[in-house]
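# Architecture and fold: a report
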Amino acid sequence: MHEQQEFLLLHNVHKYFSGVHAVNNLSLSIKKGEIHCLAGENGSGKSTLIKIISGIHTPEEGQILINGRQQTSLSPAQAISHGIQVIYQDFSLFNNLTVAENLTFNANLARKKQFINWHEIKKEAHSALSRLEIDIDLNREVGTLSVAQKQLIAIARALMFNARLLIMDEPTTALTGREVKVLFDIVRGIRAEGISILFVSHKMREMLEISDWITVIRNGSKVAEGPTSEFDEKLLTWHMTGQQFSHEKYFCPEKTEIPRLELRNFCGRAFTDINLQLYRKEIVGITGLLGSGRTELAQALFGMEPNFLGEVIIDGEPVTLRSIQQAIASGIAYVPEDRLSEGLFLSQSILRNILATTLDDHKTTLFFDRKKANIKAAGMVEDLTINTVNIRNSVSTLSGGNQQRVVLAKWLLTQARVLILNGPTVGVDVGSKAEIHQKIRTITSEKALSVLMISDDIQELVYNCNRILIMHRGRFIDEIPAEKTEENDINNRLKELI
Ligand code: ADP
Ligand code: MG
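Position numbers for residues start from 1 in each chain and track the written sequence from start to end. Written order decides the labels, with chains lettered from A and ligands numbered from 1. Local features are withheld for residues below a pLDDT of 70 in this predicted model, meaning they are given only at 70 or higher, and side-chain atom pairs are given and counted only at 80 or more; totals for whole chains, interfaces and linings count all residues.

Here, a strand pair is defined by DSSP locating no fewer than two bridges between the strands. A run of DSSP states H or I qualifies as a helix once it reaches four residues; a run of E qualifies as a strand once it reaches two. Both are numbered from the N-terminal end. As summarised here, the arrangement of the six strands in space is β16-β17-β18-β13-β19-β20, forming an open sheet in which the pairing is mixed. Strand pairing shows two members of the sheet lacking a second neighbour, β16 (332-335) and β20 (475-481), which therefore form its edges. The average undirected angle you get between the axes of adjacent strands in this sheet is 20°. Across five bridges, the pairing between strand β17 (residues 418-422) and strand β18 (residues 450-454) is parallel. Axis definition: a line fit to C-alpha positions, over the contact stretch in the case of helices; interaxial angles, taken between N-to-C directions, run 0 to 180 degrees.

Now for the site of ligand 1. We call a residue near a molecule or strand if the C-beta atom, set from the backbone, is within 6 Å of it. Near ligand 1 you find F17, V20, A22, G40, N42, G43, S44, G45, K46, S47 and T48, and these make up its full shell. The set of elements that each furnish at least two residues to the shell around ligand 1 consists of β2 (20-31) and α1 (46-53). Ranked by the residues each element gives to the shell around ligand 1, the list is headed by α1, at three residues. Here the shell around ligand 1 is composed, by residue class, of three nonpolar, seven polar and one charged. Following the grouping adopted for this structure description, the nonpolar residues are Ala, Val, Leu, Ile, Met, Phe, Trp, Tyr, Cys and Pro, the charged ones are Asp, Glu, Lys and Arg, and the polar ones are all others, Gly among them.

An automatic or database domain assignment is the source of the domain bounds shown. Segmentation of the protein chain into domains returns domain 1 (6-241) and domain 2 (261-495). Inter-centroid distance (C-alpha atoms) of domain 1 to domain 2 is 42 Å. Think of it this way: build a C-beta for each residue from its backbone, and any pair within 7 Å is a contact. In this assembly, four residues from domain 1 lie in contact with five residues from domain 2. Broken down by class, the residue content of the side of domain 1 that touches domain 2 amounts to no nonpolar, three polar and one charged.

So, about the confidence of the model for the protein chain. In predicted models, pLDDT denotes the confidence assigned by the predictor to each residue on a 0 to 100 scale. On average, residues of the protein chain carry a pLDDT of 88, and 92% of them reach 70 or more. Per-element confidence in the protein chain is highest for strand β3 (residues 35-39), whose mean pLDDT is 97, and lowest for helix α11 (residues 339-343), whose mean pLDDT is 68.

This brings us to the sheet that holds strand β5 (residues 69-70). As summarised here, the arrangement of the four strands in space is β2-β1-β4-β5, forming an open sheet in which the pairing is antiparallel. Of all the strands in the sheet, the pair left with one neighbour each is β2 and β5. Where strand β1 (residues 6-17) and strand β4 (residues 61-66) come together, five bridges link them in antiparallel fashion. The partner of L9 across the bridge, within β4, is L65. Of the strands in this sheet, β1 and β2 are in contact with α1, which crosses β2 at around 60°.

Here the focus is unusual backbone geometry. Within the chain, N162 stands out as a residue other than glycine whose phi angle is a positive 50°. Of note, N162 is situated in the loop between α5 (147-159) and β7 (165-169). Unlike most non-glycine residues, D273 shows phi in positive territory, near 50°. Along the polypeptide, D273 turns up in the loop between β11 (261-267) and β12 (274-278).

Following both chains from N to C, one finds helix α4 (residues 118-131) and α5 inclined at 110°, their axes separated by 9 Å at the closest point. Put simply, α4 runs roughly perpendicular to α5. Of α5, the residues touching α4 (which contributes A128, L129 and R131) are A156, R157 and L159. A per-class count over the contact of α4 with α5 returns four nonpolar, no polar and two charged. Note on angle classes: values under 35 degrees are labelled roughly parallel, values over 145 roughly antiparallel, values of 65 to 115 roughly perpendicular, and the remainder oblique.

Turning our eyes to something else, we now look at the pairing of β2. Note that β1 and β2 share eight bridges and pair antiparallel. Looking at the pairing, L9 lines up with S29 of β2. Linking β1 back to β2 in an antiparallel pair, the connection comprises two residues, with S18 at a positive phi of about 20°.

Below, the discussion takes up α5. The span expected for a helix works out to 1.5 Å for each residue beyond the first. With 13 residues, α5 extends 19 Å between its outermost C-alpha atoms, agreeing within 8% with the 18 Å of an ideal straight helix rising 1.5 Å per residue. Any residue surrounded by 20 or more other C-beta atoms within 10 Å of its C-beta is treated as buried, while 12 or fewer makes it exposed and the intermediate range makes it partly exposed; C-beta atoms here are placed from the backbone. Of all the residues in α5, the buried ones are K150, Q151, L152, I153, A154, I155, A156, R157 and A158.

Bringing the nonpolar core into the picture now. One recurring pattern in soluble globular proteins: nonpolar side chains tend to sit buried together. To form a nonpolar core, buried Ala, Val, Leu, Ile, Met, Phe, Trp, Tyr and Cys residues must be joined through C-beta atoms within 7 Å. Ranked by size, the top nonpolar core spans 70 residues in total, and within it I332, A409 and I420 carry the most contacts. Contacts of I332, omitting those with residues within four sequence positions, involve L301, F302, A327, A416, V418 and I420. In this structure, A128, L152, V180 and I214 belong to the second largest nonpolar core, which totals 60 residues.

What follows is the structure, given as structure tokens:
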């Protein structure tokens, strides 16, 4: 239970920024020697709360108690004198100074010393590092260290000021999996000294692994709190977003039939020797670092790179993809990365955009039934819950999420067999995103499509794909079955490639 002695208590705290109620009636209790997670989505008020605790922002209402004593006002210097230390995301280190100089810089300032005793500096710096069992050369310039090493220096420096509460704002953002483990060991060691840690994050798995207690905030208000053992990823997501998402991974059909799409030694400008088999009802993810060649691969499949080498086979038949027209005729549809410039005619109506590809299809047909097409388009608007009062309004009147649905609708009305989605929910808010995912899954299954989903959003891939291919320098270097993997495994794999 949460019964140890309290180090910090916030009581009904409010903070406003010109109309924004950034922190709303928030109470928070941090016990001595606990790892306390502050969980919340971007913009939920986490950084503002840190700034209140560290004396940078003064709340308009509410009380702050440190060691049971109410603070009438809390300045940054007072916060520090109470042992409150913040490790900011940029670590606030001097790159052109050595490790030893960085470690002792603030201490020397505080002592207002005129003469620098180098021997003393070395000794203090050395003991700061050995306390955490960190082995970094004191004479090295901080600018030459890795991000993880800089972070350790920042932690060591914070602890030199008789820290009682160490606040870490999103500390794992730039770390590899191995570095996160090192950090966590150090954080646990600090807890063992009776020091409290406020670990600010939005990464579920890390919070569940490291913390003793979790407080979840949303829109500046506390929405949940409790011992970490009472939470799991699903519950945390629900509290952080206020929405219930189905996190069941996508069903993987058996691969008995011939592949819907097969690539044999597919080579282009930015990719080589791509071999791939995509089956009906299968969603396959592709991810990689910037410049991995995945967008070029998608474009080549959509007929935008006529000079490719190798074979493309759809439902057992070799196809030619020397132009976009040929790609569409072969049943390939592509929802590009930049829907505004590539996917939509912004000044045209929603209806016109949805029917754009279908109209092209029927240019040569004698009996194109426009009425029927309009009804189909209206059905799509309903199916995809495109939020508009009138289908004849221009596409530019829609939100990003709804524009993305228009692009999807357009392709779903064609006789697509293979659907390529590039960043299908980039810039789309979290609620819309879950809905778009659901539509993609339903349609893939109902229409027996094969879907290639290219994305940097690893969670999106893990939830929606049967398997995930990692592309690097134009080649597939890994194939990971989504059912056996978690977001972090793939993130770590990608970090190794940097
Ligand atoms: P988080 O750290 O959880 O991403 P923040 O605390 O940075 O969230 O922001 C919470 C809310 O307060 C946001 O709506 C943000 O735009 C607003 N906000 C934060 N700092 C300021 C500021 N100095 N001036 C105006 N608005 C701010
Ligand atoms: Mg923040």
